[in-house]
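# Architecture and fold: a report
Residue-level listing of the chains:
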Amino acid sequence: MKVIIAEKPDQGATLAKPFPHRKRQGYIEIHSNDVFPKGAFITWAVGHLFQLQAPEKYEGKWKKWALEDLPIIPTRFQYELQKTKAKQFTVIKELLKKREVTEIIHAGDAGREGELIIRNIISMSRVQKPMKRLWISSLTEKAIINGFNALREESEMRSLYYEAYSRACADWLVGMNASRVYSILLKQQGMSDVFSAGRVQTPTLALIVKREEEIEKFKSEPFWEVKASFHMDHHVYEGIWQKEGESRIPSRELAEKIAAFCQNKPATVVTMKTERKEYAPPLLFNLSALQATINKMYKFSPKKTLDVLQKLYQKGIVSYPRSDSQYVTKGEAETFPEILSKLKEYPPYNNWIPVPNSLLNNKRFVNEAKVSDHYAIIPTEQVTDPRTLSGDEQKIYDVVVKRFIAAHHDKAIMDYTTITTMVDERAEFVSKGKQVIQEGWRHVLFGNEKDKDDEPILPPVKEKDKGSVKRVDIKEGKTQPPKRFTEGQLITLMKSAGKYMENDELEKVLQQTEGLGTEATRAGIITMLKDRQYIDIQKNIVYPTDKAKVLIRAIGENVLASAEMTAKWEQRLQEIGKGKASAPEFMEQVKKLSDRLVQNALQESASWEFGDLDTASIQRKNQKGKRTNKSSLGTCLKCGGKVIDKGKFYGCSNYQKSKCSFTISKVILSKRITQKIVKKVLADGKSERIDGFVKGEKEFSAYLSWDPDQKKIQFKFDMN
């Protein structure tokens, strides 16, 4: 008899579904069948049942955070059972110890974390019995049965376990030591919060803070453009003045002179060039690409997308969600006609099926060399009517299905036209237009929606055609700072972090290892940054907090805040996973790195400067998630009470008593409102001039001022 250990209860139930079975407490009993003639037990973990021990479990003195004890480096790492999951571990251990059980089937997720979770359980149960590995990329009944009939040898995946174990221990070492040294040193400067640091979260945070610094340092400059309307015979079109490729004019006076010169002047078509471009269908989805797409379309957080996708996977209707590949194997491609045939039964998919092409021999999508553990995220042959799914499930399933169908359609073909028009043989104007020649796959993904960046279709004028300027307009604009990241862009940023590195060799390594984090961990890293008050997400836009700025400034140019360490780290971990590198040697290097991080922080702390940041608000939270420091920022302008930091906004402490509704948001029109600004408003009734408010595409400066008649904070543009 065999014991099958899945990673989660729902997956255990799905694995049991193809076989006659009976539910028990904490496991499922599989009755005799063709795959399991003697029957089997299916049980499950609840995520990680075990965690690496806390520092004080190794040495009692490590419970206290003290600089003299750093770095903390255990002689040998040990795991401990999480108390809340002890009951399920007891169930698993009792099943494993049954005399009739002769083999264990590891059925964790097919990846390094899944490998670690299940092997830890088996190791901590102290049971030594033969083990096989279930390795599948979808949970359809067909895939489950085929997987159990083609189990892999445990030895094939052992190196993957060493990789996961090394990663966990190394992250513990770096995270524990870096977090302690920066928390202790920053507490000495009046900030009592815990400053968590780590191999992936910190370089990710550094990129966010760097973007914010670029925005804060950016000086917006005005510019003007001159637009002319041309009449050529019966044709009318518009163009923008430019000189040597530049259309922005630095002063209004010059723009007005150009416009005056061009008014009612003769115009001649100098050149008309049309370039045809062809666009192949987009690649199939991996998790990062899907998370970024869903965030752009529906503003779902990456974690929400992964959670919903996991539900679809457990229903057996999409393939493995944490895939890093955008390709499929030939074997998978052979199932596509069946999937398409079933999708044809449901609108709107029936509008695009039958499809014009087969993907079987299309290397853009079918490439065994680019499929490692899992193939791309696609609908399975267990096709479901999308109308039977919940709203969120339906949205994500629909996006996956449409991308899959689009891959089977023809390329899109566009003509891009550029007309150069000369006014009075002296002023050059450029007109750009686009025309869709063949919609192809775009019809599936965009339907009849018009592209936001659509350019006009230009008339069929010819070179040397002559006409005149009928109208000239001047348009004023301002240079814009870089934009903050959305949550979806943050996923893409983590995946492509290699492009921010100056070392070409390390950049290549990081690109090969898929950037910062993995498909499975990026959403969790973003959630962690939120939970630890390093970032705020406002209307899908990512803002770093002053706490984040303090940490990244303290770390400075040290390797912890760069992608360099992650690049080297991931390269070595992958080599361990392939059996090409030594895990003990890797851990020795990590121990040396941990010591170096501590020494760097100690040496550099004397030169830290945070005078421009709001450090007073960086205080430890209590068990209910509220700041322990509730010091007043000033007197409430509405009722005379105290105004305090309430987390996402500043508000009156009298709300519970008198329902005083005085509040000031922490972000107003994309501008972060600091405690320093609030104190100024409360003390003087107005702030200093604040630059960087953004409404639509326009940026403006204003004062925050208390209006005693309206009894609210308002914008003022002139405080004289």
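Notes on the structure follow. (Residues numbered from 1 in each chain as written. Predicted model: local features only at pLDDT ≥ 70, side-chain atom pairs only at ≥ 80, totals over all residues. Heavy atoms only, no water.)

### Thoughts on the overall build of the protein chain
Tallying secondary structure elements over the protein chain gives 22 helices and 26 strands in all. The principal-axis extents of the C-alpha atoms in the protein chain amount to approximately 100 × 70 × 55 Å. Residue burial in the protein chain is summarised as follows: out of 720 residues, 52% are buried. In the protein chain, the share of contacts with a sequence separation of at least 24, taken over all contacts with a separation of at least 6, comes to 72%. Surface summary for the protein chain: the accessible area is close to 35800 Å², and the carbon and sulfur share equals 47%. A distance of 6 Å separates the average location of the 120 positive side-chain charges in the protein chain from that of its 94 negative side-chain charges. (Helix = DSSP H or I, 4+ residues; strand = E, 2+ residues; numbered from the N terminus. Buried < 20%, exposed > 50% of the residue type's maximum accessible area, 1.4 Å probe, protein only. Contact = heavy atoms within 4.5 Å. Areas by Shrake-Rupley, 256 points an atom, 1.4 Å probe, with all protein chains shown as cover. Lys, Arg positive; Asp, Glu negative; His and termini not counted. Charge placed at Lys NZ, Arg CZ, Asp CG, Glu CD.)

### Section: the packing of aromatic side chains
Each aromatic ring pair is characterised by the separation of its centres together with the angle its planes make. Taken as a whole and assessed by the stated rule, the structure comprises 27 aromatic pairs. An angle of 80° between the planes, with centres 6.0 Å apart, marks the rings of tyrosine 58 and tryptophan 172 as edge-to-face. On the criterion of sequence distance, the pair formed by tyrosine 58 in helix α2 (residues 55–58) and tryptophan 172 in helix α6 (residues 158–187) is long-range, its members being 114 residues apart. Residue classification places tryptophan 172 among the buried positions, given a relative accessible area of 9%. Relative to phenylalanine 429, the ring of phenylalanine 230 has its centre 5.5 Å away and its plane inclined at 80°; by these criteria the two rings are edge-to-face. (Phe/Tyr/Trp six-rings, centres within 6.5 Å; stacked < 30°, edge-to-face > 60°.)

### Notes on the side chain of arginine 119
Note that arginine 119 resides in helix α4 (residues 112–124). Judged by relative accessible area, which is 10%, arginine 119 ranks as buried. Not counting chain neighbours up to four residues away, the residues in contact with arginine 119 comprise His106, Met131, Glu154, Met157, Arg158 and Tyr161.

### Let's talk about the pattern of salt bridges
Inspection of the entire model under this criterion finds 47 salt bridges. The salt bridge partner of lysine 8 is aspartate 109, with a shortest N-O separation of 3.6 Å. Residue lysine 8 is found in the loop between β1 (2–6) and α1 (9–16), and its partner aspartate 109 is found in the loop between β7 (103–107) and α4; the two are separated by 101 residues along the sequence. In this structure aspartate 109 comes out as buried when scored by relative accessible area, which is 5%. Residue aspartate 684 pairs with lysine 680 through a salt bridge whose shortest N-O separation is 2.6 Å. You can see aspartate 684 and its partner lysine 680 sitting in helix α22 (residues 675–684), 4 residues apart, about one turn around the helix. On the accessibility criterion, aspartate 684 (44% relative accessible area) is partly exposed. Residue classification places lysine 680 among the partly exposed residues on the basis of a relative accessible area of 27%. Among the ionic contacts, a cluster of salt bridges with common partners joins Arg112, Glu113, Glu163, Arg167, Asp171, Arg199 and Glu570. (Salt bridge = Lys/Arg side-chain N within 4 Å of Asp/Glu carboxyl O.)

### What to know about the packing of α1 against helix α10 (residues 302–314)
Direction vectors running N to C along α1 and α10 enclose 20°, while the axes themselves pass 10 Å from each other. Considered as vectors, α1 and α10 are oriented roughly parallel to each other. At the point where α1 passes α10, the crossing takes the left-handed sense. Contact residues: α1 offers Asp10, Gln11 and Thr14, while α10 offers Gln310, Tyr313 and Gln314. Partitioned by chemical class, the residues of the contact of α1 with α10 number 1 nonpolar, 4 polar and 1 charged. (Axes fitted to C-alpha atoms, helices over the stretch in contact; angles between N-to-C directions. Parallel < 35°, antiparallel > 145°, perpendicular 65-115°, else oblique. Left-handed = near helix turned anticlockwise from the far one by under 90°. Nonpolar A, V, L, I, M, F, W, Y, C, P; charged D, E, K, R; others polar.)

### Structural notes on the packing of α6 against helix α20 (residues 583–604)
One way to put it is that α6 packs onto α20 with a least axis distance of 10 Å and a crossing angle of 10°. By the angle class used here, α6 and α20 are roughly parallel. When α6 is examined against α20, the residues Ser166, Cys169, Ala170, Leu173, Val174, Asn177, Val181, Tyr182 and Leu185 are found in contact with a partner set consisting of Ala583, Phe586, Met587, Val590, Lys591, Leu593, Ser594, Leu597, Val598, Ala601 and Leu602. Split by residue class, the contact of α6 with α20 holds 16 nonpolar, 3 polar and 1 charged.

### A few points about the sheet that holds strand β12 (residues 266–279)
Reading around the circumference, β10-β11-β14-β13-β12-β15 is the order of the 6 strands in this closed barrel, with antiparallel pairing throughout. On average, each strand axis in the sheet is tilted by 35° relative to the strand beside it, whichever way the strands run. Examined bridge by bridge, strand β10 (residues 222–232) and strand β11 (residues 235–241) share 6 bridges and lie antiparallel to one another. Paired with phenylalanine 230 across the two strands is tyrosine 237, which belongs to β11. Helix α8 (residues 252–262) rests against β10, β11, β13 (412–423), β14 (427–438) and β15 (466–478) of the sheet, and its axis sits at about 165° to β15. (Pairing = 2+ DSSP bridges.)

### With respect to the side chain of serine 138
Tracing the sequence through the fold places serine 138 in the loop between β8 (131–133) and α5 (141–149). Residue classification places serine 138 among the buried positions, given a relative accessible area of 5%. Not counting chain neighbours up to four residues away, the residues in contact with serine 138 comprise Ala143, Tyr313, Val318, Ser319, Tyr375 and Thr380.

### Focus: the pairing of β11
Hairpin connection, β10 to β11: the antiparallel pair is bridged by 2 residues, and aspartate 233 has positive phi, about 60°. Both β11 and β14 contribute to a ladder of 2 bridges, which runs antiparallel. Residue tryptophan 241 lies in a different strand from β14, and its bridge partner there is phenylalanine 429.

### Re the sheet that holds strand β19 (residues 642–645)
As summarised here, the arrangement of the 4 strands in space is β18-β19-β20-β21, forming an open sheet in which the pairing is antiparallel. Of all the strands in the sheet, the pair left with one neighbour each is β18 (634–635) and β21 (663–665). Packing of α22 onto the sheet brings it into contact with β18, β19, β20 (649–652) and β21, and relative to β19 it is tilted by some 170°.

### Overview of the environment of alanine 554
Residue position: alanine 554 is located in helix α18 (residues 546–555). In this structure the C-alpha to C-alpha distance between alanine 554 and glutamine 242, which are 312 residues apart in sequence, comes to 46 Å. For alanine 554, the residues in contact, after removing those within four places along its chain, are Tyr182, Glu604, Trp608 and Phe610.

### Observations regarding the pairing of β1
In terms of burial, β1 is largely enclosed, as 4 of its 5 residues are buried. Bridge count for β1 against β7 is 5 bridges, and the pairing is parallel. Directly across from isoleucine 4, in β7, lies its bridge partner isoleucine 105. In this sheet, strand β4 (residues 40–44) lies alongside β1 in parallel orientation, the contact comprising 5 bridges. In the strand pairing of β4, valine 3 is matched with phenylalanine 41.

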